[in-house]
Amino acid sequence: MAAPSNAEQTQLQDMEEEDAGMEEREMESDEEDDEEEEGMGEENSDDEGDDSSEDEKENEAEIQRLEEQLSINAFDYNCHVDLIKLLKQEGELFRLRKARQKMSELFPLTEEIWLDWLKDEIRLTEEEPNREKVYELFEKATKDYICPDIWLEFAQYSIGGMGSPGGIDKVRSIFERAVTAVGLHMTKGHAVWEAYREFENAILSTVQPPPGRIPTSEEQELLNTQLGRIHSLFRRQLAVPLMDMETTYAEYEEWSERGVPETVVHQYKKASQQMEKCRSFEESLLVAEPPKLAEYQTYIDFELKEGDPARIQIIFERTLAENCLVPDMWAKCTTYLDRQLKIKDLVLPTHERAVRNCPWTMGLWKSYLQALERHGADHQTVSDVFEKALNAGFIQATDYVEIWQAYLDYLRRRVDFSKESSKELEELRGSFSRSLDYMKQDVEERFGESGDPSCIIMQIWARIEALHCKNMQKARELWDSIMTKGNAKYANMWLEYYNLERSYGDSVHCRKALHRAVQCTSDYPEHVCEVLLTFERVEGSLADWDVAVQKTESRLNRINEQRAKVAEKEANMARQEGERADQRRKAKLDKKSQKKIQKGTRAGEKRKAEQDDYQNDWNEDSEQAPKRHRGNGDQTTEEYMETETGLFGRNAPPGYKPAGTKRAQQGAEAAAQRHNDDKPELRNDNSSVFISNLTYTLQEPEERLRTLFETCGPIKQIRPVFSNKGSFKGYCYVQFESPMSVSEALKLDRHEVEGRPMFVSPCVDKSKNPDFKVFKYNTSMEKQKIFISGLPFSCTKEQLEEICKSHGTVKEVRLVTYRSGKPKGLAYVEFADEAQASQAVLKMDGTDIEDNKISVAISNPPRRNMDKAGSNRPMSDMAPRQVYGSRGRGRTQLSLLPRSLHRQAGPASKVENGTAAQQVPEAASAASSAAGETKPLSNSDFARMLLSK
């Protein structure tokens, strides 16, 4: 490529001086405007100065806090971003540069962060000697992600230095790299092509002679060369399918004096057809919401079928720029490069970017190690990458086993086993030994499991020693260690050892291994016995055969006896369970028949009752238990609290006799004894708390709670709530002698009682305070808290905390249970900050806990309908529920209104039983009330409707 002539350099310098003069005049005008604004703002400068100084102090304090947090946890991504924003806002450019450098060492930076950084550095380094530092920063930025805007900024910045020696060639080199990297970007690639052509057109204007002068041969040669470059750029761009190709083609027609060549027209039409094929994919990307993973995947599948490697690579890069934290997408991209392109300078940087973006994914590290070996990387580089992988923080114990296996495979392939001893062999043995220590000291302590229960690593080591090193003594030592780790009971492990001895050992050790297998195997002893007898048939003597038969028969007899005992035990348990089931069915039938008898008795007495009896017995104002409101954190519970005598309150309906066991009768008697203490006038809600979520099986709840709450202050009374059968219902009231004790009692909220969190809340009568709410259900996203589903029911709070604490500081772990205390397989885990919760989601989602695949997400509770039955809101404010589930109207959706309320109140003259509609005006009023009127029916209204039948 020809260097610019002296005339070209002179003209370029003139252009730069003219631009500099224009900038100087603009700066002078800006300074005059600033002086005017300064004079106008002098009056308010004092007040604004005070406010700004306070803001600066607050920002500086926040900056120091963020810096301290990063000194504790350097991998807090959000903390890095917040610090950079504050430093930029304060104009701390040198501290800002340092913060950006630290972040870039740990994380790939997004396009926005890089562009801000580059623009700031360009302003800071305007002097010529410092341009190389900006070039280095641009080179680093282009390696994180393939971004057209960064390449365009890089090329435009390089134009500013084209006046220096070799500057024009350097600009062209950067533009060529840019169009190679992002020139195929269908929506943004044309901007790079156009900038390249504009640069070459600017060069063309410098080599054209003035009008009227015939150029010299040297000038004509330069002119032809420059015209050829621009023609080449047009032809190359029109051969690439890009959006708005028609405009480029029209521009070429106008620019070219000789018209568009046929070859260019043919390439343009071909590219246009390809662009039309891709248009639908591009349009779907434009309207889709980020991260557009499904749309990108469809686009990738299309390009893979088309088979153009360059286009496949660019669509992968576009996908990864928006989905940089998706390990599967990185795996697909690196797999394609490994198997199809196989270009070292392209494959290895992509692998490096993959593990930098998703360091917690073992599969990416494993592929990286194999790619390094495949492309002949030196041993030190491979070892360094492996050490980084060990420190990446994998989320499963098995991940460490697999990465060790990949590294050990690499070391084994380096060894020349024809030599008795070599440096590579010693390193292999040392690495095997180190891997076993690592599994024991690091993996087992962190995860509570080895990750390699079958000792695969030790098995491979033993086979290498036996096959390649002819060292059966070491192989046997390794297999002894394998069996002592709990594998001696498995037949397949003994058979593996037996096969090793058959292949590389001797018959003596084969026989010894099989005899030990017969004695130790518990899963498939018959199979091991059969292998032993077959071995003796082939190689053993009669004495060996007799010993084998005796041992196998003795072992199988013991096994059969054990199995018979187990079968007998299971049969007895099944029989007992059947008997208990029969007893339960019989008791249920007896209970139903007894209820029918009692129901008939009560129905007869009801028909004889007078209207005043109903008013006295069913007076809602005097007998209905007060409605309490209970809510806490993620749960809200709103209930009608029942009194100790059961469902019907202190006065049961006429003729009612409680049925149940002796325990139920005792409960009713105890409730009657506490009747006087439970009178409304003796209650004081200001000095009481409401306790709920207690286990139903709590023995002596009054004594247990008295012991627990005596530390809060003197207790006046404790009122546990029992059902009509005498069983504890899981909630109660605690009344103190002083209201001052309530605040201390509320501190015991969520205190565990027999494995369940106890809910403690103020005691408020909702009938007197209908709008009172103690706790509010949180419907906003809790960014520092994660929600886990799919947990095994056996998972404990301690186990989950142990799993989560490797991802950050765990503040609270809460397992979600049913009211009975049985787990739901759900949990909430709160971390110290949002960044730790985000990392936990990325690393834990989709992992296995005791063979259960869990789902992890940021806690985002759905909005709950707080307008439950019994609330004071009018029915007209509630939207009618027309849609039912797949099983239709559920049991809890049944109407509890009397049948008379469902009769139509229209102008029909007859109802179903022939009674005139005018005779039941109460029914019409009840129907209108059910339709949305606020006036409720009284008990006497219900009585008149029932008696009218």
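Residues numbered from 1 in each chain as written. Predicted model: local features only at pLDDT ≥ 70, side-chain atom pairs only at ≥ 80, totals over all residues. Heavy atoms only, no water.

Thoughts on the overall build of the protein chain
Note the cut-off: In this text, helices come from DSSP runs of H or I with a minimum length of four residues, and strands from runs of E with a minimum of two, each type numbered from the N-terminal end. Whether a residue is buried, partly exposed or exposed follows from its accessible area with a 1.4 Å probe, protein chains only, as a fraction of its type maximum: under 20%, in between, or over 50%, in that order. Contacts are assigned to residue pairs that have any heavy atoms within 4.5 Å of one another. Only the protein chains shown count as covering a residue, and every accessible area follows the Shrake-Rupley method with a 1.4 Å probe.
Scanning the protein chain from terminus to terminus reveals 35 helices and 13 strands. Residue burial in the protein chain is summarised as follows: out of 949 residues, 38% are buried. Taking all contacts inside the protein chain whose residues are at least 6 apart in sequence as the whole, residues at least 24 apart take part in 63%. Within the structure as shown, the protein chain displays about 55300 Å² of accessible surface, and the carbon and sulfur contribution to it stands at 49%.

Some thoughts on empty space enclosed by the protein
Which entries qualify depends on this criterion: Think of a 1 Å grid over the protein atoms and nothing else: a 1.4 Å probe that fits but is trapped marks a cavity, an open set flanked by protein within 12 Å on at least five of seven lines marks a pocket, and residues with an atom within 4 Å of a point count as lining. Grid points are joined across faces, edges and corners, and a volume is the space filled by probe spheres set on the points.
What the rule picks out here adds up to six cavities of 30 Å³ or more. Approximately 50 Å³ is the volume attributed to the largest cavity. As for the largest cavity, its lining consists of L791, P792, F793, C795, L815, V816, P823, K824, G825 and L826. Broken down by secondary-structure element, the contributors of at least two residues to the lining of the largest cavity are β9 (810–817) and β10 (823–831).

Focus: the environment of S481
Note that S481 resides in helix α22 (residues 472–487). The spacing of S481 and C455 is 26 residues in sequence and 9.3 Å in space, taken between C-alpha atoms.

Overview of the side chain of D749
Selection rule: Polar contacts, as counted here, are pairs of nitrogen or oxygen atoms within 3.5 Å of one another; within protein the pair requires one atom able to donate a hydrogen and one able to accept it, and residues that are adjacent in sequence qualify only if both atoms are side-chain atoms.
By the element assignment, D749 lies in the loop between α31 (740–746) and β6 (751–753). Within polar-contact distance, the side chain of D749 engages the backbone nitrogen of V760 at 2.8 Å.

Here's the deal with the packing of aromatic side chains
To keep things clear, this is the line we draw: The criterion for an aromatic pair is that two Phe, Tyr or Trp rings (for Trp, the six-membered ring) have centres within 6.5 Å, with stacked assigned to planes under 30 degrees apart, edge-to-face to planes over 60 apart and tilted to the rest. Both a distance and an angle decide whether a charge sits over a ring: NZ of Lys or CZ of Arg must be within 6 Å of the ring centre and within 35 degrees of the ring normal.
Per the stated rule, a full pass over the model turns up 30 aromatic pairs. Measuring from ring centre to ring centre gives 6.2 Å for Y498 and F535, while their planes differ by 90°; the resulting arrangement is edge-to-face. With a gap of 37 residues between them, Y498 in helix α23 (residues 491–504) and F535 in helix α25 (residues 525–539) connect regions that are remote in the sequence. Summarising the burial analysis for this pair, Y498 and F535 share the class buried. Grouped by ring-pair contacts, the aromatic residues F386, F394, Y400, W404, Y407, Y410, Y438 and F447 constitute a single cluster. Above the ring of Y157, the side-chain terminus of R131 is found at 4.1 Å from the ring centroid. Stacked on the ring of Y135, the Lys or Arg K170 has its end atom at 3.6 Å from the ring centre.

A short note on the packing of helix α19 (residues 397–414) against helix α20 (residues 423–447)
For the record, the criterion: Interaxial angle, 0 to 180 degrees, is taken between N-to-C directions of lines fitted to C-alpha atoms, where a helix line uses only the stretch in contact. Our angle categories are set so that under 35 degrees counts as roughly parallel, over 145 as roughly antiparallel, 65 to 115 as roughly perpendicular, and the remainder as oblique. Side-chain classes follow a simple rule in which Ala, Val, Leu, Ile, Met, Phe, Trp, Tyr, Cys and Pro form the nonpolar group, Asp, Glu, Lys and Arg form the charged group, and the remainder, Gly included, forms the polar group.
α20 packs onto α19 with a crossing angle of 175° between their chain directions and a minimal axis gap of 10 Å. Comparing their axes, α20 and α19 come out roughly antiparallel. Between α19 and α20, the contacting residues are A397, Y400, V401, W404, Y407, L408, L411, R412 and R414 on the first element and E424, E427, L428, S431, F432, R434, S435, Y438, M439, V443, R446 and F447 on the second. Its residues assigned to classes, the contact of α19 with α20 comprises 13 nonpolar, two polar and six charged.

Observations regarding the pattern of salt bridges
Filter applied, for reference: What counts as a salt bridge is simple: a side-chain nitrogen of Lys or Arg found within 4 Å of a carboxyl oxygen of Asp or Glu.
Using the criterion set out here, one finds 42 salt bridges in the structure. Residue D120 is joined to K88 by a salt bridge in which the shortest nitrogen-to-oxygen separation is 3.2 Å. Taken as a pair, D120 in helix α5 (residues 111–124) and K88 in helix α3 (residues 77–90) lie far apart in primary sequence, 32 residues in all. Here D120 falls in the buried class, since its relative accessible area comes to 5%. The partly exposed category is assigned to K88, whose relative accessible area is 37%. Here E387 makes a salt bridge to R434, at a shortest N to O gap of 2.9 Å. In this pair, E387 is assigned in helix α18 (residues 379–390) and R434 in helix α20, connecting sequence segments 47 residues apart.

Description of α5
To keep things clear, this is the line we draw: To estimate the expected span of a helix, count its residues, drop one, and scale the result by 1.5 Å.
For α5, spanning 14 residues, the distance from its first C-alpha to its last is 20 Å, which sits close to the expected 20 Å at 1.5 Å a residue. In this structure, the buried residues of α5 make contact with α3, α4 (93–106), α6 (131–144) and α7 (148–159).

Things to note about α4
Between the first and last C-alpha of α4 there are 20 Å, a value that for 14 residues agrees with the 20 Å anticipated at 1.5 Å per step. Each element contacted by the buried residues of α4 is listed here: α3, α5, α6 and α16 (344–357).

So, the sheet that holds strand β4 (residues 715–722)
Inclusion rule: When DSSP finds at least two bridges between two strands, those strands are taken to pair.
Taken in spatial order, the five strands of this open sheet run β4-β5-β3-β7-β6, and their pairing is antiparallel. Edge positions in the open sheet fall to β4 and β6, since each of these has one partner strand only. With direction set aside, neighbouring strand axes in the sheet form an average angle of 30°. In the sheet, β4 pairs with strand β5 (residues 728–736) via six bridges, with the strands oriented antiparallel. If you follow P720 over to β5, its bridge partner there is C732. Seen against the sheet, helix α30 (residues 701–709) touches β3 (688–692), β4, β5, β6 and β7 (756–762) and runs at an angle of roughly 140° to β4.

Quick word on the environment of F281
Along the polypeptide, F281 turns up in helix α12 (residues 262–287). As for F281 and T298, which are separated by 17 residues in sequence, their C-alpha atoms are 7.9 Å apart. Aside from chain neighbours lying at most four places away, what touches F281 is T298, Y299 and F302.

Describing the sheet that holds strand β8 (residues 782–789)
Ordered in space as β9-β10-β8-β13, the four strands form an open sheet in which the pairing is antiparallel. This sheet does not close on itself; its edge strands, each paired only once, are β9 and β13 (855–859). Strand-to-strand, the axes of this sheet are offset by a mean angle of 25°, without reference to chain direction. In the sheet, β8 pairs with β13 via five bridges, with the strands oriented antiparallel.

Digging into the side chain of D833
For clarity, the cut-off: In summary, the charge assignment counts Lys and Arg as positive and Asp and Glu as negative, without counting His or the chain termini.
Along the chain, D833 falls in the loop between β10 and α33 (834–844). Although D833 is buried, it makes no salt bridge; R65 carries the closest opposite charge, 7.4 Å away. Contact partners of D833, with chain neighbours within four places excluded, come to Q69, D76 and Q784.

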